[in-house]
Structures are given as C-alpha cells and as structure tokens.
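Here's the letter readout for the chains.
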Amino acid sequence: MQSVLSIENLNVHYGSIHAIKGISLEVKKGQIATLIGANGAGKTTTLNAITNLVKKSGGKILFEGEDITNLSTHEIVSRGIVLVPEGRKIFPNLTVYENLMMGAYSRRDQEKIKKDLNWTLTLFPRLRERLKQLGGTLSGGEQQMLAVARGLMSKPKLLMLDEPSLGLAPLLVKEVFQIIEEIRKEGVTILLVEQNAFAALKVADYAYVLETGKVVIQDSGKDLLNNDDVRKAYLGIA
Ligand code: ATP
C-alpha cells in the first residue's frame, strides 16, 4: 500500500536534551497509524517536527513521495497536512460556525466547503446544535470536538491528532474514537498520538510504541493489543 507520510531517522534536540533519537515511521494511505507511549516519550515533538514547528537536528520527511523536510509550516499545511494540537486550541471569542470556517480559510471552492461543513456537522451533531454559540462557552469535550472538526474543514490528506481524548469523560472518549473511525472511512489518512493506548490500538491499523525518543516496538494495532510487553507496560494487563 502507498505510503502517505514517511519519516526517516528523525532527530530533535531541545538544547542539550536529545528528545527524538532517530525515529523512522510510515503512515499508509487510508490507514490510521498511532504513536503511543508515556508522558515525555516524544510523541508531540514528533508531530511538531513533521509540521516544522520545532527544528529538526536530522532526518528526512517525505509526504506523498516528496521531500518536505525543510518546507515552512505554511507550505506543509498547504500540501494537506493538518495538526490538531493537544488541548482545545479553539478561538473562544468566535462562534462555532466561525471556528469551523477558519479551518477552511485557504479554500475557495464554496460548494465543496458547504458539503464538507455538512459532513463535519453530521459527524459532530452537537456542534450543529451550537453553531451560533461562542467557542469559549462550549464544554471541554465539545471544544475538543470543535478542534477536530475545524481540522477536517481544511480537507486534509493527512490528519494528525494530538491526544484527542485527553481529559474527556469515558463516554466522550468512546465517541471521539468512533468519529476517528468514521473520518478514516471517508478516506482521510490519520496519524494519532495517544496516551489512551487501549483505545488507540483498537482503531489503529499500525502502531509505534515510543520510549524516551525511540521507537521500541512496532506492529499492527491488533497484534500490539496482544503483545505481552505492551499489555503489561501500557494496558495495565498482567
Ligand atoms: P506528552 O504526552 O506529555 O505531550 P510526549 O510523548 O508528547 O509527552 P514530548 O512533549 O514530545 O513528549 O516531550 C519529549 C521530551 O522533550 C521530554 O523529555 C520533554 O521534557 C522534552 N521537551 C518537550 N518540549 C520541550 C521544550 N519546548 N523545551 C525543552 N524540552 C522539551
């Protein structure tokens, strides 16, 4: 299967801290790949390095076969890579509708934007009910949904989600993962970063386990759910 994103030997330093130590990974077209691992393992840094929000000290990043290692964040986004960052970074003083349209700001195809808005609101019915409400008045979970929905409005080829389930009540966590599967069904390729390893492995086609800046295990989501080391260390199952 065709690879959408390919990372070769990525290295990132924060001053003297060697945060990413030669990570290589691949995300295949139409699939969900996930990065799991403990706090501080380097998951967010990897996403930020892909989008050039942090400086790489080495490595190569290919998107749809083209070298994007040294492109600006703006150029990377305009190629179709969207990062939904950790922690509800929506615009609190804009309405839900305006927040969603911010996601489509670089698009000109009004008809398709309308169609995508409708699809997005079908995925997130709660947002449809609150289109005129200010983003800041939504509950935490709804703001998280809005951040993902806004990402979708840019019609990404690769959607990167950083901890979309963080801080959500269990029912909402379930809903978020169902929505992630729905998004994949529409053909969007997804790179998912999660601390909720169990939920992430259940939806992921392929998974990478990160420990202190290195990939220590990689396999299909299904096989990692049955991997004894992963079960002990990340799923709390002896
Ligand atoms: P989390 O789930 O907490 O976001 P993570 O797996 O995403 O964890 P990173 O945030 O990527 O991990 O952090 C990787 C390492 O880099 C950690 O040791 C962290 O302390 C360090 N680090 C991250 N950001 C910075 C920064 N801006 N300056 C210095 N060190 C940083």
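Residues numbered from 1 in each chain as written. Predicted model: local features only at pLDDT ≥ 70, side-chain atom pairs only at ≥ 80, totals over all residues. Heavy atoms only, no water.

Going by an unreviewed UniProt entry, the protein chain carries the name ABC transporter related and comes from Pseudothermotoga lettingae. What the UniProt record of the protein chain gives under Sequence similarities (unreviewed entry) is the line "Belongs to the ABC transporter superfamily." (UniProt positions renumbered as here; feature names shortened; annotations may be inferred.)

Concerning the site of the ligand
The local shell around the ligand holds 13 residues, among which Asn-39, Gly-40, Gly-42, Thr-44 and Thr-45 are the closest. One of the side-chain nitrogen or oxygen atoms of Thr-45 is found 2.5 Å away from an oxygen atom of the ligand. The side chain of Glu-163 places a nitrogen or oxygen atom 3.3 Å from an oxygen atom of the ligand. Sorting elements by how many residues they give to the shell around the ligand places helix 1 (residues 43–50) first, with three residues. Classifying every residue of the shell around the ligand by side-chain character gives four nonpolar, six polar and three charged. (Near = heavy atom within 4 Å. Polar contact = N/O pair within 3.5 Å; in protein donor to acceptor, adjacent residues only side chain to side chain. Helix = DSSP H or I, 4+ residues; strand = E, 2+ residues; numbered from the N terminus. Nonpolar A, V, L, I, M, F, W, Y, C, P; charged D, E, K, R; others polar.)

Points about the nonpolar core
One finds Phe-124, Leu-159, Ile-183, Ile-190 and Leu-192 to be the most contacted residues of the largest nonpolar core, which totals 47 residues. Sequence-distant contacts of Leu-159, defined by excluding residues within four places in its chain, comprise Val-82, Val-84, Gly-151, Leu-152, Ile-183, Val-188, Thr-189, Ile-190 and Leu-191. With 28 residues, the next largest nonpolar core counts Leu-35, Ile-50, Ile-61 and Val-193 among its residues. (Core = buried A, V, L, I, M, F, W, Y, C linked by side-chain atoms within 4.5 Å. Buried < 20%, exposed > 50% of the residue type's maximum accessible area, 1.4 Å probe, protein only. Contact = heavy atoms within 4.5 Å.)

As for the environment of Lys-174
Within the fold, Lys-174 resides in helix 7 (residues 170–185). For Lys-174, a relative accessible area of 54% translates into the label exposed. Considered as a pair, Lys-174 and Lys-55 are 119 residues apart in the sequence and their alpha carbons are 34 Å apart.

Details of the pairing of strand 3 (residues 32–36)
Across the five residues that make up strand 3, a large majority, five, are buried. Side chains Ile-32, Thr-34 and Ile-36 of strand 3 all project onto a buried face; the interleaved residues Ala-33 and Leu-35 project onto the opposite face, where all are buried too. Where strand 3 meets strand 8 (residues 189–194), five bridges bridge the pair, whose relative direction is parallel. The partner of Thr-34 across the bridge, within strand 8, is Leu-192. Sheet topology places strand 3 next to strand 9 (residues 206–211); four bridges connect them, and they run parallel. Bridged to Leu-35 within strand 9 is Tyr-208. (Pairing = 2+ DSSP bridges.)

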